[in-house]
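Residue-level listing of the chains:
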Amino acid sequence: MTETTRTAADSPDGRPDGSGAAAAEELRTLLLGRIQDVPDYPQPGVMFKDITPLLADATAFGALTEALAELCVRHRADKVVGLEARGFILAAPAAVRAGIGFVPVRKAGKLPGATLGQAYELEYGTAEIEIHADALEPGDRVLVIDDVLATGGTAEASLRLIRRAGAQIAGVAVLLELGFLDGRGRLLAALDSAPLEALITV
């Protein structure tokens with residue numbers, strides 16, 4: 001099993017070139033400069049990464065949308081799955097820009113009609129996410145988009161849910177990866193060689 005990590009500015013064949021590396025660093029600087037650290041939120045000792053200033057900046061949000069749309073095209077995605085809730089904000093415009101469909105993955109009980117559910121373990125207890133039973137077709141290539149990769153629990157559950165729906169994993173793309181929490185390690189088996197793309201890693 002192998003794992004691929006690329007940036008949105010890599011060349012089309014996946015090999016970074018000089019201009020691509022410079023563009024990736026320029027994008028990283030732009031995005032990181034619009035993410036605000038909020039100490040002790042939502043509880044003491046936690047440094048929250050607030051992306052709302054980035055979303056309020058048309059230039060930064062536009063660049064982020066373009067980068068995510070490029071990943072959709074590069075990985076030949078047929079649909080984009082966005083994870084509740086901030087993943088919706090990033091995934092929907094990227095899907096529109098790439099010319100493909102958007103599918104929300106929601107907390108249990110939020111979607112009407114027939115759904116597929118996937119439970120997963122939290123630090124204390126369990127949670128469950130759902131997708132519409134007919135949202136994905138067999139053979140669809142699906143790119144999962146979220147704002148932050150932390151411990152990886154929700155992303156891992158979404159990958160299992162997508163495969164249960166009969167679709168294929170095109171990859172996972174996030175704005176920000178918190179490397180010290182090793183969500184990447186948790187996703188290795190579920191990715192099954194599909195790429196994990198992080199525009200920024202801290």
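Note: the structure precedes this text.
Given the structure is predicted, the values throughout are model-derived calculations rather than measurements. (Residues numbered from 1 in each chain as written. Predicted model: local features only at pLDDT ≥ 70, side-chain atom pairs only at ≥ 80, totals over all residues. Heavy atoms only, no water.)

A. Region of interest: a nonpolar patch on the surface. Taken together, Phe-180, Leu-181 and Val-202 make up a surface patch of nonpolar side chains, about 280 Å² in accessible area. Mapping Phe-180 onto the fold places it in the loop between β8 (168-177) and α6 (183-191). (Patch = residues over 30% accessible without salt bridge, like charges linked within 9 Å, V, L, I, M, F, W, Y side chains within 5 Å. Areas by Shrake-Rupley, 256 points an atom, 1.4 Å probe, with all protein chains shown as cover. Salt bridge = Lys/Arg side-chain N within 4 Å of Asp/Glu carboxyl O. Helix = DSSP H or I, 4+ residues; strand = E, 2+ residues; numbered from the N terminus.)

B. View of the environment of Leu-188. With respect to the helices and strands, the residue Leu-188 is situated in helix α6. Residues Leu-188 and Ala-91, 97 residues apart in the sequence, show an inter-C-alpha distance of 22 Å.

C. Here's a closer look at the sheet that holds strand β4 (residues 101-107). As summarised here, the arrangement of the 7 strands in space is β5-β6-β4-β3-β7-β8-β9, forming an open sheet in which the pairing is mixed. Edge positions in the sheet fall to β5 (115-121) and β9 (196-201), since each of these pairs with one other strand and no more. Taken over all neighbouring pairs, the strand axes of this sheet differ in orientation by 20° on average, direction set aside. Running over the sheet, α6 touches β5, β7 (141-149), β8 and β9 and is turned about 165° from β9. (Pairing = 2+ DSSP bridges. Axes fitted to C-alpha atoms, helices over the stretch in contact; angles between N-to-C directions. Contact = heavy atoms within 4.5 Å.)

D. Local environment of helix α3 (residues 58-74). Given a rise of 1.5 Å per residue, 17 residues ought to cover 24 Å, and the 24 Å separating the end C-alpha atoms of α3 matches this to within 8%. All of the buried residues in α3 are Ala-60, Leu-64, Thr-65, Ala-67, Leu-68, Ala-69, Leu-71, Cys-72 and Arg-74. If you check the start of α3, you find a side-chain oxygen 3.0 Å away from the backbone N of Thr-59, and it comes from Asp-57. Immediately downstream of α3, the backbone of Arg-76 shows phi near 55°, a positive value. (Expected span 1.5 Å × (residues − 1). Buried < 20%, exposed > 50% of the residue type's maximum accessible area, 1.4 Å probe, protein only. Polar contact = N/O pair within 3.5 Å; in protein donor to acceptor, adjacent residues only side chain to side chain.)

E. Expanded view of the pattern of salt bridges. Summed over all chains, the structure comprises 10 salt bridges. In this structure, Lys-49 and Asp-37 form a salt bridge, with 2.7 Å as the shortest nitrogen-oxygen distance. Of this pair, Lys-49 sits in strand β2 (residues 47-50) while Asp-37 sits in strand β1 (residues 36-39), and the two are 12 residues apart along the sequence. Classification of Lys-49 as partly exposed rests on a relative accessible area of 22%.

F. Quick peek at unusual backbone geometry. Pro-42 follows Tyr-41 through a cis peptide bond whose omega is 5°. Mapped onto the secondary structure, Pro-42 falls in the loop between β1 and β2. For the bond from Glu-84 to Ala-85, the omega torsion is 0°, close enough to zero to count as cis. Here Ala-85 is to be found in the loop between β3 (79-83) and α4 (86-98). Its identity as a non-glycine residue notwithstanding, Asp-40 has a phi of 60°, on the positive side. On the secondary structure map, Asp-40 appears in the loop between β1 and β2. The phi dihedral of Asp-192 falls on the positive side, at around 50°, and the residue is not glycine. One can find Asp-192 in the loop between α6 and β9.

Keep in mind that these numbers describe shape and distance, not what the molecule does.
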